[in-house]
Amino acid sequence: MTQRSPEPGDPDPVFEALADPTRRAVIEALADDGPTTLSDLTRRLPVTRQAVAKHLAVLQDAGLVDTSGPVRGRMYSFTPQPLTDAMTWIVDVGAGWDERLARLKRQVERRA
């Protein structure tokens, strides 16, 4: 299966990645502790090393995790920009609903 690179500003991969509680825990660990290795993450989480590696791959495909260094001892770090883009999308959608609800309120008040 070929993974697609997330389009800048596309919130779908971020929401899909964050739908899993273990992946959210990985993000929290990376955000709290900074760059860390797969081994260090595995010690922190109640899942196997293989499971952590798979979760990291999904997070990396969503653009939320970046890697550096050689394969052995590779460092994983949190990349906040895709999360910021998803939050911007949520705010924009919310603003649209606020506007619609305000118009509906005005119409209802005119009829009352």
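For the structure itself, look to the data block above.
Residues numbered from 1 in each chain as written. Predicted model: local features only at pLDDT ≥ 70, side-chain atom pairs only at ≥ 80, totals over all residues. Heavy atoms only, no water.

Every α-helix winds through 3.6 residues per turn, so residues three or four apart in the chain are directed the same way. The end-to-end C-alpha distance of helix H2 (residues 21-33) is 18 Å, a good match for the 18 Å that 13 residues give at a rise of 1.5 Å each. When H2 is considered as a whole, its buried residues turn out to be Thr22, Arg23, Val26, Ile27, Ala29 and Leu30. Buried positions in H2, seen along its axis, are confined to an arc of 160° and lie on one side of it. Exposed residues pointing more than 90 degrees away from the buried face of H2 are listed as Pro21, Glu28 and Asp32. Contacts made by the buried residues of H2 are with helix H1 (12-18), strand S1 (36-37), helix H3 (38-44), helix H4 (49-61), strand S2 (65-68) and strand S3 (75-78). Its side-chain oxygen 2.7 Å from the backbone nitrogen of threonine 22, aspartate 20 forms the N-cap of H2. Just downstream of H2, glycine 34 is the residue with a positive phi angle, here 80°. (Helix = DSSP H or I, 4+ residues; strand = E, 2+ residues; numbered from the N terminus. Expected span 1.5 Å × (residues − 1). Buried < 20%, exposed > 50% of the residue type's maximum accessible area, 1.4 Å probe, protein only. Arc of directions from axis to C-beta. Contact = heavy atoms within 4.5 Å. Polar contact = N/O pair within 3.5 Å; in protein donor to acceptor, adjacent residues only side chain to side chain.)

Let us now look at the packing of aromatic side chains. How two aromatic rings sit relative to each other is given by the distance of their centres and the angle of their planes. Under the definition given, this model contains 1 aromatic pair. With a centroid separation of 5.7 Å and an interplanar angle of 65°, the aromatic rings of phenylalanine 15 and tryptophan 89 are classed as edge-to-face. In this pair, phenylalanine 15 sits in helix H1 while tryptophan 89 sits in helix H5 (residues 81-111), placing the two residues 74 residues apart along the sequence. (Phe/Tyr/Trp six-rings, centres within 6.5 Å; stacked < 30°, edge-to-face > 60°.)

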